[in-house]
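Remarks on the overall topology
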Amino acid sequence: MNAVDTRHISRDSLFLAADVRLDGIADGHRVKVRNLSAGGMMADGEAPVVRGSIITVDLRNIGRVEGSVAWVQGNRFGIAFNKEIDPKLARAPTSTAQDTAPRFTRSSTRDPNDPANAERLRKI
């Protein structure tokens, strides 16, 4: 476990879900990510962790990240990652092949080529 104090590193406060898996335990646990930085994160959940536990976190848009539990306080615990990550990736929206148009658009029921409708259509 890394003994370097990293509490001065800027953190990105957010609220998203992640799956954690403790080394040697088959079952995973769903936790809430309270803040995230390049070197670690704070999680909130019912995972049976103790300080020093080896843990793997599956973060959205990042994938699996290995680390160790740095501290535990109630249901909250800190994880120090073995390798730095880009925390901004976790905030990026996930997209699917079906997401080709923005959700705020809708198809027009008026024919834009009809001269009678040309004045009524708003140009964007």
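Note that this is a predicted model, so its numbers are computed, not measured.

Concerning the pairing of strand β2 (residues 28-36)
- Two elements, β2 and strand β3 (residues 40-44), share four bridges in a ladder whose sense is antiparallel. Opposite Leu 36, over in β3, you have Met 41 as the bridge partner.
- Here β2 folds back onto β3, and the loop between the two strands holds three residues.

Re the pattern of salt bridges
- By the definition in use, this model includes three salt bridges.
- Of the charged contacts in the structure, one is a salt bridge between Asp 44 and Arg 34, with a shortest N-O distance of 3.0 Å. In this pair, Asp 44 is assigned in strand β3 and Arg 34 in strand β2, connecting sequence segments 10 residues apart.
- Residue classification places Asp 44 among the buried positions, given a relative accessible area of 16%.
- What makes Arg 34 partly exposed here is its relative accessible area of 24%.
- The shortest N-O distance in the salt bridge between Asp 44 and Arg 76 comes to 3.6 Å. Highlighted residues: Asp 44 in strand β3 and Arg 76 in strand β6 (residues 76-81), separated in sequence by 32 residues.

About the criteria used
- Residues numbered from 1 in each chain as written.
- Predicted model: local features only at pLDDT ≥ 70, side-chain atom pairs only at ≥ 80, totals over all residues.
- Heavy atoms only, no water.
- Pairing = 2+ DSSP bridges.
- Helix = DSSP H or I, 4+ residues; strand = E, 2+ residues; numbered from the N terminus.
- Salt bridge = Lys/Arg side-chain N within 4 Å of Asp/Glu carboxyl O.
- Buried < 20%, exposed > 50% of the residue type's maximum accessible area, 1.4 Å probe, protein only.

Nothing here speaks to function; it is all geometry.
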